[in-house]
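# Architecture at a glance
Residue-level listing of the chains:
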Amino acid sequence: MTNERNRDRSHRPTTHRRLEVVKPMTNTQGDGESRTPEQVSELFAIAGREIEAIEQLTGCVAHLHEVQAAKAELASLTPAEVRAALEFRRGGIGEAQ
């Protein structure tokens, strides 16, 4: 887990999930009929994903804190450190010439 968080963002596996918005159902639908077993089953399926949703949210918050900490450190760099980092990120283009 920590290894994946420390990798460059371009190498991260996509973890985006489709979110569903579900309208709560009352005991009866508008016409007085009870819910179908299929509808109740879907409610159980959605409710059963709560832990997964919390874990994803926790991971996103941790990632956000990591990003904010990196931005704070970047803001404190000296101009010389920024130039050296930019040169490093270019992959030594000047050396190949």
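Residues numbered from 1 in each chain as written. Predicted model: local features only at pLDDT ≥ 70, side-chain atom pairs only at ≥ 80, totals over all residues. Heavy atoms only, no water.

### Overview of the overall build of the protein
From N to C terminus, the protein includes 5 helices and 0 strands. Start at the N end of the protein and walk to the C end: the helices and strands fall as α-α-α-α-α. With 97 residues in all, the protein has 2% of them scored as buried. Carbon together with sulfur atoms contributes 57% to the accessible area of the protein, which is approximately 9100 Å² in total. (Helix = DSSP H or I, 4+ residues; strand = E, 2+ residues; numbered from the N terminus. Buried < 20%, exposed > 50% of the residue type's maximum accessible area, 1.4 Å probe, protein only. Areas by Shrake-Rupley, 256 points an atom, 1.4 Å probe, with all protein chains shown as cover.)

### Points about the pattern of salt bridges
Scanning all chains against the criterion turns up 1 salt bridge. Arginine 90 is paired through a salt bridge with glutamate 87; the nearest N and O atoms lie 3.1 Å apart. Residue classification places arginine 90 among the partly exposed residues on the basis of a relative accessible area of 47%. With relative accessibility at 37%, the residue glutamate 87 sits in the partly exposed group. (Salt bridge = Lys/Arg side-chain N within 4 Å of Asp/Glu carboxyl O.)

### Topic: a nonpolar patch on the surface
Together, Leu74, Leu77, Val82 and Leu86 line one region of the surface with nonpolar side chains, adding up to about 320 Å² of accessible area. Leucine 77 sits in the partly exposed class, given a relative accessible area of 31%. (Patch = residues over 30% accessible without salt bridge, like charges linked within 9 Å, V, L, I, M, F, W, Y side chains within 5 Å.)

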